[in-house]
Amino acid sequence: MNGTGLVLTIGETSEHVNTSLQFYSPDKLILLTSEKFASKTRRRLSHWKKQFNLEGEVFVIEDLFGKDAAYHIMDKTFKAIHSLHDQEYKPVLVGITGGTMHMAAAVSTAANISYAPVFYVKQPSGTEVVQPNKDVIEMPTLTAFNKIMLMPTEALQLFSRVAEAVAEGEDVNLSLSDAKDINMPVEFLDHLTEIRVMEKLSKTEYVFTNAGSVIVQIIAKNPNIAKMLESKKKKSEAPDHLYA
C-alpha cells in the first residue's frame, strides 16, 4: 500500500494546492484542469513534485463549458480517483477549491459516487497567514454517513458521547480499549480513518475529524436514533456486533 493520494481541481490560482500539500503530505497528486490552463498547470506540477517530493499527473478536462461539461468533468474525476486506487494509494481525497463552480459541483458528485472524501481550502482573510489545520475543511460524505448509521447501538452511544465532548471543547480521544469493550474490530476503526471519520494518532488512539464529529452529532440528533439511544441507556441488552 502506498501513501495518501490527492485529486485537486485547479484553475488560474494555486494557493490552495500548497495548503493541501502541507496539510495532507501526499505521495501522489493528480491535478484536474481545463485546456486553457493545462500548460501552466504542468509547469506548476513540475515545481511541486520537486518541492514536496511526490509523484504527479495532470488530467485535462476537454470542452469545460460545453453542453457535455458535466460528463467530461466527472469522467476525468473518476479516472483520477480510480487511478490512485489501482496504484493502492490510501486514503484518496478530493479537493474542490480551484477552478469553476460547476467543476466543484461535478467533481463532488463523482467523488461521492467513488466514496472519496471531499475537502475545501478556505482563503485566509485580510492579513491572516495560511494555517492548513484551520483552513482545510473536510466535507461529510454519504459513505461515512451510511457507515455510522449502520453501526450497532453500543457503538453509536460511544461515538455520540465522544463527539459531544469534542464539540464542547474537551480533548477526548477514542482508544482501542474503548472499541474492544464493545467488540468493535480494529479493522473497522482503520476503515473509518480511510473515509476521514477518524484520524489515527497512534497504535491505540483515534480522534474524530471535524467531518466525522459533525456526522455523529447529526445522526445522534435524528429523532428516531435519539429515542433508541435514550431507551438503550435504560436497559442493558446483549451487544449487537454487526460491523460492516
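The rules behind each value
Residues numbered from 1 in each chain as written. Predicted model: local features only at pLDDT ≥ 70, side-chain atom pairs only at ≥ 80, totals over all residues. Heavy atoms only, no water. Helix = DSSP H or I, 4+ residues; strand = E, 2+ residues; numbered from the N terminus. Buried < 20%, exposed > 50% of the residue type's maximum accessible area, 1.4 Å probe, protein only. Contact = heavy atoms within 4.5 Å. Areas by Shrake-Rupley, 256 points an atom, 1.4 Å probe, with all protein chains shown as cover. Lys, Arg positive; Asp, Glu negative; His and termini not counted. Charge placed at Lys NZ, Arg CZ, Asp CG, Glu CD. Salt bridge = Lys/Arg side-chain N within 4 Å of Asp/Glu carboxyl O.

Some words on the overall build of the chain
The helix and strand inventory of the chain stands at 11 helices and 9 strands. Principal-axis analysis of the C-alpha atoms gives the chain an extent of 65 × 40 × 35 Å. Relative to its 244 residues, the chain shows a buried fraction of 48%. In the chain, the proportion of contacts linking residues at least 24 apart, taken out of those at least 6 apart, comes to 67%. About 12800 Å² of surface is accessible on the chain, with carbon and sulfur atoms providing 52% of the total. Computed over 26 positive and 30 negative side-chain charges, the inter-centroid distance for the chain is 3 Å.

Some details on unusual backbone geometry
Going from Lys90 to Pro91, the amide bond is cis rather than trans, its omega being -10°. Among the secondary structure elements, Pro91 is positioned in the loop between helix H3 (69–86) and strand E4 (92–95). The phi angle at Asn53 is positive, at roughly 55°, despite the residue not being glycine. Structurally, Asn53 can be placed in the loop between helix H2 (38–52) and strand E3 (55–61).

Looking at the environment of Trp48
Turning to its location among the elements, Trp48 is positioned in helix H2. We classify Trp48 as buried; its relative accessible area is 3%. The spatial distance from the C-alpha of Trp48 to the C-alpha of Val17 is 9.1 Å, given a sequence separation of 31 residues.

Details of the pattern of salt bridges
On inspection of all chains with the given rule, the structure shows 8 salt bridges. Here Lys76 ties to Glu62 by a salt bridge, and the two come within 3.2 Å at their closest N and O atoms. Residue Lys76 is found in helix H3, and its partner Glu62 is found in the loop between E3 and H3; the two are separated by 14 residues along the sequence. Among the residues examined, Lys76 registers a relative accessible area of 13% and is labelled buried. Owing to a relative accessible area of 33%, Glu62 belongs among the partly exposed residues under this scheme.

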